[in-house]
Amino acid sequence: MATIQDVAKEAGVSPMTVSNVINDHPNVRRSTREKVLEAMARLDYRVNVAARNLRKGRTGTIGLAVPEVDSPYYGRLAATIITAAERRGLRVSIERTGSRENELDALSLSRNRLYDGLILSAAGMGQADMDRLRVDHPVVILGDRIFGGPVDHVAMPNLDASRAATRHLIERGCRRIAILCGAVEEVDTSSLRLTGYRQALEEAGLPQDPGLVQHVTKLGMHDGAHRAREMARDGLAFDGVFCVTDSLAMGVLRGLADAGIRVPDQVKVIGFDNVAESEFLVPSLSTVDPDHEAMADRAVDLLTRRIEQTEPAAGHEEFVGDFSLVIRESTGGG
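Note that the structure is predicted; figures quoted are calculated from it, not measured. (Residues numbered from 1 in each chain as written. Predicted model: local features only at pLDDT ≥ 70, side-chain atom pairs only at ≥ 80, totals over all residues. Heavy atoms only, no water.)

A look at helix H8 (residues 189-204)
Part 1: If you check H8, its first and last C-alpha atoms are 23 Å apart, about what 16 residues at 1.5 Å a residue would give, namely 22 Å.
Part 2: For H8, the full list of buried residues reads Ser190, Ser191, Leu192, Arg193, Leu194, Gly196, Tyr197, Ala200 and Leu201.
Part 3: Buried residues in H8 make contact with helix H7 (158-171), strand E6 (177-182), strand E7 (213-216), strand E8 (240-243) and strand E9 (268-272).
Part 4: The N-cap residue of H8 is Asp188: its side-chain oxygen and the backbone nitrogen of Ser190 are 3.3 Å apart. (Helix = DSSP H or I, 4+ residues; strand = E, 2+ residues; numbered from the N terminus. Expected span 1.5 Å × (residues − 1). Buried < 20%, exposed > 50% of the residue type's maximum accessible area, 1.4 Å probe, protein only. Contact = heavy atoms within 4.5 Å. Polar contact = N/O pair within 3.5 Å; in protein donor to acceptor, adjacent residues only side chain to side chain.)

Comments concerning the sheet that holds strand E3 (residues 118-121)
Either a parallel or an antiparallel arrangement is found when strands of a sheet pair, and the pairing is made through backbone hydrogen bonds.
Part 1: The strand order across the open sheet built from six strands is E2-E1-E3-E4-E5-E11, with neighbouring strands paired in parallel fashion. Only two strands of the sheet have a single partner each, and these edge strands are strand E2 (91-96) and strand E11 (318-320). On average, each strand axis in the sheet is tilted by 20° relative to the strand beside it, whichever way the strands run.
Part 2: Where E3 lies against strand E4 (residues 139-142), four bridges are found, and the strand directions are parallel. In the strand pairing of E4, Ile119 is matched with Val140. (Pairing = 2+ DSSP bridges. Axes fitted to C-alpha atoms, helices over the stretch in contact; angles between N-to-C directions.)

Side note on the packing of H7 against H8
Part 1: For the pair H7 and H8, the least separation of the axes is 7 Å and the interaxial angle reads 45°. Relative to H8, the element H7 lies oblique. The handedness of the crossing between H7 and H8 is right-handed. From H7, Asn158, Leu159, Ser162, Arg163, Thr166, Arg167 and Ile170 reach across to H8, where they touch Thr189, Leu192, Arg193, Thr195, Gly196, Tyr197, Gln199, Ala200, Leu201, Glu203 and Ala204.
Part 2: Among the residues forming the contact of H7 with H8, the class breakdown is seven nonpolar, seven polar and four charged. (Parallel < 35°, antiparallel > 145°, perpendicular 65-115°, else oblique. Left-handed = near helix turned anticlockwise from the far one by under 90°. Nonpolar A, V, L, I, M, F, W, Y, C, P; charged D, E, K, R; others polar.)

Some details on the state of the cysteines
Part 1: Per the stated rule, a full pass over the model turns up zero disulfides.
Part 2: Free of any disulfide, Cys174 has its nearest cysteine sulfur in Cys243, 12 Å distant.
Part 3: With relative accessibility at 2%, the residue Cys174 sits in the buried group.
Part 4: Unpaired in terms of disulfides, Cys243 finds its nearest cysteine sulfur in Cys181, a separation of 10.0 Å. (Disulfide = S-S within 2.5 Å.)

Side note on unusual backbone geometry
Part 1: Backbone torsion omega between Val263 and Pro264 reads 10°, so that peptide bond is classified as cis.
Part 2: As for its placement among the helices and strands, Pro264 is situated in the loop between helix H10 (246-258) and E9.
Part 3: In the segment running from Val282 into Pro283, the intervening peptide bond is cis, with an omega of 0°.
Part 4: Considering the arrangement of structural elements, one finds Pro283 in the loop between E9 and strand E10 (286-290).

Description of the pattern of salt bridges
Part 1: This structure, assessed with the given rule, holds 21 salt bridges.
Part 2: The residue Arg134 makes a salt bridge to Asp131 at a minimum N-O spacing of 3.4 Å. Each of the two residues, Arg134 as well as Asp131, counts as exposed.
Part 3: For the salt bridge of Arg306 with Asp152, the shortest nitrogen-to-oxygen distance reads 2.6 Å. Linking Arg306 in helix H11 (residues 292-308) with Asp152 in strand E5 (residues 152-155), this pair joins segments that are 154 residues apart in sequence. Across the pair, Asp152 and Arg306 agree in class, each one buried.
Part 4: Each of the salt bridges in this network shares a partner with another, and the network as a whole consists of Asp160, Arg163, Arg167 and Glu203. (Salt bridge = Lys/Arg side-chain N within 4 Å of Asp/Glu carboxyl O.)

Structural data, given as structure tokens:
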């Protein structure tokens, strides 16, 4: 098996230069880098990643714990995290939590699973669990249930984006706007987006009808379709619907079609997440587009910085992403 010394001799450079090329050191001339890479190829040199990580005390792998792996949103989240990690030479191991207990297990066992750090999308844990985040390994929290904790946190722009989505419906002429959201028990995605919706109505001087706030058990297509059919069957008067996820909105489009209600002529619909499928629906779905890539990049960047720190951090960062509205056929655009 070829060694660094063999590569150095073949390329006519020092072993240190070969090491700098392997570790992607920025101060290596391009011509030198190419010469070393060609020598590595000729000698079939392979970097012993396990040995290198052992010397560093790292595995080169980070964990990503998410509530689900089969939903459009979490699929996109995983893809963007993997892409951001690959840019930093890291691998990602994904595990499904699905409950508060499994989220706590992911926190406490991530070091035993040979992760250098963990990105946790918390859906079950809440503010009462903040102290459980005090672990001895790097953690970044994603989501809207824990704020001000002892770890770095990346969140969506829920209030501003939901207010903008509702305002868009108002600007399109809607005056009876329903919202589909989950049960509101504490600070979470549904409660924050409901607050943004209410703020937009108040700013526009529109009345807030409690009957237009429709709670569902799950933020998915099945519940969205079922609730839209119920709203139509019960004779609820509405001309706009803001859904707190695109999955809900997809179901609403199906349910309204089943009830013979035309979108956007009779009812306009907007979602949240800009999942890939939203562009290809009939009608195509207007939606909030959070900057998924920027949030994923910041989460991986924060985790990497914590992994590389040799001393305890002085403080922790709260990062709220940006957003834009994507206007398509479901609200009369496109």
